[in-house]
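# Analysis of the macromolecular model
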Amino acid sequence: MNIRSMIILILVSIAPNAFSTTIGFSQVGSESGWRTSFSESVKAEAAKRGINLKFSDAQQKQENQIKAVRSFIAQGVDGIVIAPVVETGWKPVLKEAKRARIPVVIVDRNVNVKNKKLFLTRIASDFSEEGRKIARWLVKATNEKCAIAELQGTVGATAAIDRAKGFNEVIANYPDVKIVRSQTGEFTRTKGKEVMESFLKAEQGGKSLCAVWAHNDEMALGAIQAIKEAGLKPAKDILVVSVDGVPDYFKAMADGEANATVELSPHLGAPAFDAIEAYLKGERNVPKLISTTGDLFTQETAAKEYEKRRTN
Amino acid sequence: MKSISNHQKPAVSDSPVSARLSEQELNAAKNARYQAGASNNWGRYLWPVCALIILLVVNLVLDPSFFSLSYQDGRVYGSLIDVLNRCAPVALLAIGMSVVIATGGIDLSVGAVMAISGAVCANLLLTPDVALITVLFVGILVGIIAGLVNGSLVSYLGIQPIVATLLLMVAGRGIAQLINQGQIVTFQSDSFAFIGVGNWLGLPMPIWIVVGMLVVTQLLLRKTALGLFIESVGCNASASRYLGINDKAVKLFAYIIAGVCAALAGMISAANIQGADANNAGLWLELDAILAVVIGGASLVGGRFSLLLSVLGALIIQTLATTIIVSGLPAKFNLLIKALVILMVLLLQSEKFRKQLNGLFSTKTSNNKFGEAQ
């Protein structure tokens, strides 16, 4: 008995309720903490809505995802959600779904197909909105006067480019809020620490800096260590803001060492189900791209949020 | 074969005449030979040191505060110390790499070994009832095992070094991710963190680890015949075997040294951020280490090495990295600038290039004279 037939057998044995919606979800895998909470969030959302969710973990392999989608089609599910591992190679299987009249929603990463009618909609995080959100918070917290050190993500990464774009858009309106130092920390803690160390030395031991803005939490955590080792107090002498919302960063906020972060929302399940349910009710004008942004978190709620996240 | 032939030539010509030479003359000849060797040796330091000085001067122009040192919280504080501190992992890798390269091999797996040793240490620190000394011991053991794997593949199974170590370079990161279960494992251990962020006698611990490793390896290789064996194997492995040198064991030993250096570097980087990041720890550092060895003037074909020069190479790379950060240029130029500066350093070292440069200038001046005369 091969694995595929075993999966189908298992799926059949969990006999679906004939009256509820059945949705198949093909997930990339569980390579990071964020991915795990993304899967959990989708499952929780399905349970809340009474959707019969068929979950498939592809273990970072596209062929597993394609197999899963084909088996969803064979079972005649009401909708399919795909979190694609890569952008290319989706056309044939999307066509099969289209022929079976099953709506497909792409979440998180993109798929590269010419015919946009092959899928219902795509749900993705809006990186520039994340940058705008954190910039607005920083401008307000510093009374519109701040010299910022920026730790960029990997040069050329979409997340880095768009987050910087959104952030700069907002601070452009405030003449006294300026980025005085900017360099890449390559999204890693080590480089974030190293770059911040040099920034502190170059800016009179950090006295002329008011905040550090990191394109992800890991770099911010490195910067916090550098600030501490320079004998300053992170989040007090130099404010620390970033994007992502990893558990370690919530802990740093709870300990009073970081100020704010915008969560890279793992809650992509709700909008995906919304779109499919709307389609099933006859709505045909679903927008092709639905952006989501996570919420902004600060020190006040950090301790509670950390408790909630560390269990995952 | 350079170094060996240098030693041997006078010895051969000495032997038949030695009967006629007095003790004094013999000693004088020995001394002259020694001095010739020494001065030749110092010449190798000229260009790397020049490059480092030029980089430092650039920093002086960009921002004089680069050189300011102050004493606070029981340690010396300043950009120069940062450079020394941050170059520690690459310097350690470079020490190991020079030994391997001297045998005519190469070790691409050092970055991955860093990730494994960091991951192993981080996970051990999270296990209750594990003494710090065990953690350190197991961390170094990881390096020894990695060296044994690489070394046996290269010397006993005869696989090309670049392929043999590529295996562990790819697999090693996977192993580290497996150990960490795909997450960044963070730990709270002040005693382990000490090797990354602690200070001793006013200087960061990583500097002392590099100095210690440098002294130990230097003594081991230069005060015993081992260094000569390594160079001889690098020059010609089969000739060395006929001379009675166990070339396989020598190669194996070289890879073990590289493994231990990589493990130490991995522990330093894990301790530095108090976490093990299997995806990024030591990523591409093997290339920086090879670069450091090359900047130090070693030949990639093997047979010649200087640990001190390799560490100097690592220092040049890190000074450059810090310079770029401080310079305030956009991040997208980082790699380009790095490549250009490294190219310049290598060109400075090339005797051919220097000669051509001289030739270029002299023809230019003669042309000018010719023009003036007309």
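Notes on the structure follow. Remember, it's a predicted structure, so these values are computed and weren't measured experimentally.

Our focus in this paragraph is the overall build of chain B. A tally of regular secondary structure across chain B gives 16 helices and six strands. A buried classification covers 45% of the 374 residues belonging to chain B. Across chain B, the fraction of contacts at a sequence separation of at least 24, relative to all contacts at a separation of at least 6, is 77%. Of the roughly 18500 Å² of accessible surface on chain B, a fraction of 67% belongs to carbon and sulfur atoms.

Let us look at the interface of chain B and chain A. Contacts between chain B and chain A engage 31 residues on the former and 28 residues on the latter. Here chain B meets chain A over a buried area of about 2400 Å², counting both sides, of which 45% is carbon and sulfur. At the boundary of chain B with chain A, the tally comes to two salt bridges. In this structure, the salt-bridge partner of D82 of chain B is K201 of chain A, at a minimum N-O distance of 2.3 Å. The interface formed by chain B and chain A holds nine residue pairs in polar contact (both at pLDDT 80 or more) in total.

Right, let's talk about helix α13 (residues 285-295) of chain B for a bit. Counting buried positions along α13 of chain B yields eight of 11 residues, so the element is predominantly enclosed. When α13 of chain B is considered as a whole, its buried residues turn out to be L285, E286, D288, A289, I290, A292, V293 and I295 of chain B.

Before going further, it helps to spend a moment on the nonpolar core. Residues and elements named next belong to chain B. Grouped together as the largest cluster of nonpolar side chains are 79 residues, with contacts concentrated most on L92, L93, M97 and F192. It is helix α12 (residues 247-273) that contributes the most residues to this core, 13 residues altogether. In this view, F192 contacts C121, L125, L132, V135, L136, F187, M267 and A271; residues no more than four positions away in its chain are not counted.

Residue and element names in this part refer to chain B. Contact pair helix α9 (residues 205-222) / helix α10 (residues 226-235): the axes reach a minimum separation of 5 Å and the direction vectors enclose 75 degrees. Here α9 lies roughly perpendicular to α10, going by the angle between them. Contacts between α9 and α10 involve L220, L221 and R222 from the former and L226, G227, L228, I230 and E231 from the latter. Across the contact of α9 with α10, the residue classes tally to five nonpolar, one polar and two charged.

This brings us to helix α15 (residues 334-349) of chain B. Counting along an α-helix, one turn takes 3.6 residues, and residues three or four places apart therefore face a common direction. Residue and element names in this part refer to chain B. In this model, α15 (16 residues) spans 23 Å end to end at C-alpha, consistent with the 22 Å of a helix rising 1.5 Å per residue. What α15 keeps buried is the set N334, V341, I342 and V345. For α15, the angular spread of the buried residues around the axis is 100 degrees, confining them to a single face. Opposite the packed face of α15, turned more than 90 degrees from it, sit the exposed residues L336 and M344.

As a further point, take the environment of W90 of chain A. Residues and elements named next belong to chain A. Examined against the element boundaries, W90 turns out to sit in the loop between β3 (79-82) and α4 (91-99). W90 gets classed as buried once you look at its relative accessible area, which sits at 1%. Remark: the alpha-carbon pair of W90 and V113, spanning 23 residues in sequence, is separated by 7.1 Å. Look past the residues within four positions of W90 in its chain and what remains in contact with it is Q62, Q65, I66, I82, P84, V85, V111 and V113. A polar contact of 2.7 Å, which involves the side chain of W90, links it to the backbone oxygen of V86.

Residue and element names in this part refer to chain A. Bridge count between strand β6 (residues 146-152) and strand β7 (residues 177-184): seven bridges; the pairing is parallel. Directly across from C146, in β7, lies its bridge partner V177. The β-α-β motif built from β6, the intervening helix α6 (residues 158-171) and the parallel element β7 has right-handed crossover chirality.

Glancing now at empty space enclosed by the protein. All names here are of chain B. A complete count under the given rule lists three cavities of 30 Å³ or more for this structure. Its volume calculated, the largest cavity comes out at about 80 Å³. For the largest cavity, the lining is made up of 15 residues, of which A270, G275, A276, D277 and A281 are closest to its centre. Counting only elements with at least two residues in the lining of the largest cavity, the list comes to α5 (110-126), α12 and β6 (275-276).

Let's shift gears to the sheet that holds strand β2 (residues 52-57) of chain A. Residue and element names in this part refer to chain A. Judged by pairing direction, the sheet is parallel, and its six strands sit side by side in the order β2-β1-β3-β4-β5-β11 without closing on themselves. For this open sheet the edge positions go to β2 and β11 (289-292), each flanked by a neighbour on one side alone. The mean angle between the axes of side-by-side strands here comes to 20 degrees, regardless of whether they run parallel or antiparallel. Alignment of strand β1 (residues 22-27) against β2, held across six bridges, turns out to be parallel. Counterpart to I23 in the pairing with β2 is L53.

Moving on to a positive patch on the surface. Residue and element names in this part refer to chain A. Residues K98, R101, K116, K117 and K288 make up a contiguous surface patch of positive charge. Checked against the element boundaries, K116 lands in the loop between β4 (104-107) and β5 (121-125). Taking relative accessible area as the criterion, K116 reaches 42% and is therefore assigned partly exposed.

Each value, and the rule that gives it
- Residues numbered from 1 in each chain as written.
- Chains lettered and ligands numbered in written order.
- Predicted model: local features only at pLDDT ≥ 70, side-chain atom pairs only at ≥ 80, totals over all residues.
- Heavy atoms only, no water.
- Helix = DSSP H or I, 4+ residues; strand = E, 2+ residues; numbered from the N terminus.
- Buried < 20%, exposed > 50% of the residue type's maximum accessible area, 1.4 Å probe, protein only.
- Contact = heavy atoms within 4.5 Å.
- Areas by Shrake-Rupley, 256 points an atom, 1.4 Å probe, with all protein chains shown as cover.
- Buried area = accessible area lost by both parts, 1.4 Å probe.
- Salt bridge = Lys/Arg side-chain N within 4 Å of Asp/Glu carboxyl O.
- Polar contact = N/O pair within 3.5 Å; in protein donor to acceptor, adjacent residues only side chain to side chain.
- Core = buried A, V, L, I, M, F, W, Y, C linked by side-chain atoms within 4.5 Å.
- Axes fitted to C-alpha atoms, helices over the stretch in contact; angles between N-to-C directions.
- Parallel < 35°, antiparallel > 145°, perpendicular 65-115°, else oblique.
- Nonpolar A, V, L, I, M, F, W, Y, C, P; charged D, E, K, R; others polar.
- Expected span 1.5 Å × (residues − 1).
- Arc of directions from axis to C-beta.
- Pairing = 2+ DSSP bridges.
- Right-handed = clockwise from strand over helix to strand, strands pointing away.
- 1 Å grid on protein atoms, 1.4 Å probe; cavity = no way out; pocket = protein on both sides within 12 Å on 5 of 7 lines; lining within 4 Å.
- Points joined across faces, edges and corners; volume = space filled by probe spheres on them.
- Patch = residues over 30% accessible without salt bridge, like charges linked within 9 Å, V, L, I, M, F, W, Y side chains within 5 Å.
- Lys, Arg positive; Asp, Glu negative; His and termini not counted.
- Charge placed at Lys NZ, Arg CZ, Asp CG, Glu CD.

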